[in-house]
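Summary of structural features
This is what each chain is made of:
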Amino acid sequence: MTCEHFVDPDVVSAVDVEDLGQDRFRGKPSPIRIGRSYGGQLVAQAVMAACRTVDPERPLHSLHANFVLPGDSDQGVTVAVDRLRDGQSFATRRAEAWQREGRLLVSVTASFCSPASGPDHHDAGPEAARFPEALPTLADYLATVGGQARALRIGAAAGIDMRFVGIGINIPGSDHGS
């Protein structure tokens, strides 16, 4: 998997960066003008720039981001990538997104790792998580703690399908909870 494996072309366009040469990249302004830059877009642009300096066979393994200053959503960013390490299995990059001549917005350290076989250390997670459509929604949960009207208002405004595992809410007429 490479860094270009996104589903939504609008997301790819929003986080894509233009290669300026010498490990410098230009990111587009936010498609939604909200005054300040959206942190997720800044991190994604920094990661995309870092990905462009690594062998595509080494997918992103981990990252750490520090937000330094707010940015202007009407302006693009310049991303500078430093190649900190290129080892046999791992590569490490630091990507910094800047605006307005010297205004650092975010600093990202990203690690890329060649795929390798080995023991599986993660927990499979709750059985219920395998069937998310059977889990309580945000509106279901909010209805149990704050009333149905509030649940519908907040759930509709969120625009996100969030489900809850193992919180024990019982909704009449469903198999949610327990």
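This text goes with the structure placed above it.
A short tour of the structure in this document, coming up. (Residues numbered from 1 in each chain as written. Predicted model: local features only at pLDDT ≥ 70, side-chain atom pairs only at ≥ 80, totals over all residues. Heavy atoms only, no water.)

Things to note about the overall build of the protein chain
- A tally of regular secondary structure across the protein chain gives four helices and six strands.
- Expressed as a percentage of its 178 residues, the buried residues of the protein chain come to 30%.
- Considering only contacts within the protein chain whose residues lie at least 6 apart along the sequence, 63% involve residues at least 24 apart.
- Just so you have it, the protein chain exposes about 11200 Å², and 54% of that area is on carbon and sulfur atoms. (Helix = DSSP H or I, 4+ residues; strand = E, 2+ residues; numbered from the N terminus. Buried < 20%, exposed > 50% of the residue type's maximum accessible area, 1.4 Å probe, protein only. Contact = heavy atoms within 4.5 Å. Areas by Shrake-Rupley, 256 points an atom, 1.4 Å probe, with all protein chains shown as cover.)

Points about the pairing of strand β1 (residues 17-21)
- Relative to strand β2 (residues 24-27), β1 is paired through four bridges, and the arrangement is antiparallel. When the sheet's bridge partners are listed, G21 is paired in β2 with R24.
- In this structure, the hairpin formed by β1 and β2 is closed by a connection of two residues, where Q22 is found at a positive phi of approximately 55°. (Pairing = 2+ DSSP bridges.)

Quick notes on the nonpolar core
- One finds V79, V108 and F112 to be the most contacted residues of the largest nonpolar core, which totals 23 residues.
- Elements with a minimum of two residues in this core: α2 (39-51), β4 (77-86), β5 (90-99) and β6 (103-113).
- Looking at this core, the element that brings in the most residues is α2, giving eight residues.
- Leaving out residues up to four positions away in the same chain, V79 has contacts with D23, R24, F25, Q45, A46, A49, A95, E96 and A97. (Core = buried A, V, L, I, M, F, W, Y, C linked by side-chain atoms within 4.5 Å.)

Topic: the sheet that holds β1
- Strands sit in the order β1-β2-β4-β5-β6-β3 across an open sheet of six strands; the sheet is antiparallel. Because the sheet does not close on itself, it has two edges, and the strands there are β1 and β3 (60-67). Recorded for the sheet is a direction-independent mean angle of 25° between the axes of neighbouring strands.
- Across eight bridges, the pairing between β4 and β5 is antiparallel. In the sheet register, D86 faces β5, and the bridge partner there is A91. (Axes fitted to C-alpha atoms, helices over the stretch in contact; angles between N-to-C directions.)

Here we look at α2
- With 13 residues, α2 extends 18 Å between its outermost C-alpha atoms, agreeing within 8% with the 18 Å of an ideal straight helix rising 1.5 Å per residue.
- For α2, the tally of buried residues reaches 10 of 13 residues, placing the bulk of the element in the interior.
- By the burial criterion, the buried members of α2 are Q41, L42, V43, Q45, A46, V47, M48, A49, A50 and C51. (Expected span 1.5 Å × (residues − 1).)

Let's talk about empty space enclosed by the protein
- Counted under the stated rule, the structure contains one cavity of 30 Å³ or more.
- If you add up the space inside the largest cavity, you get close to 40 Å³.
- Around the largest cavity sit K28, P29, S30, S37, Q41, L42, Q45, Q75 and V77, which together line it.
- Of the residues forming the lining of the largest cavity, the biggest block, three residues, is contributed by α2. (1 Å grid on protein atoms, 1.4 Å probe; cavity = no way out; pocket = protein on both sides within 12 Å on 5 of 7 lines; lining within 4 Å. Points joined across faces, edges and corners; volume = space filled by probe spheres on them.)

Describing the pattern of salt bridges
- Applying the stated criterion across every chain, the model contains six salt bridges.
- D23 is paired through a salt bridge with R83; the nearest N and O atoms lie 2.7 Å apart. Of this pair, D23 sits in the loop between β1 and β2 while R83 sits in strand β4; the two residues are 60 residues apart in sequence, bridging distant segments of the chain.
- By relative accessible area, R83 is classed as partly exposed at 45%. (Salt bridge = Lys/Arg side-chain N within 4 Å of Asp/Glu carboxyl O.)

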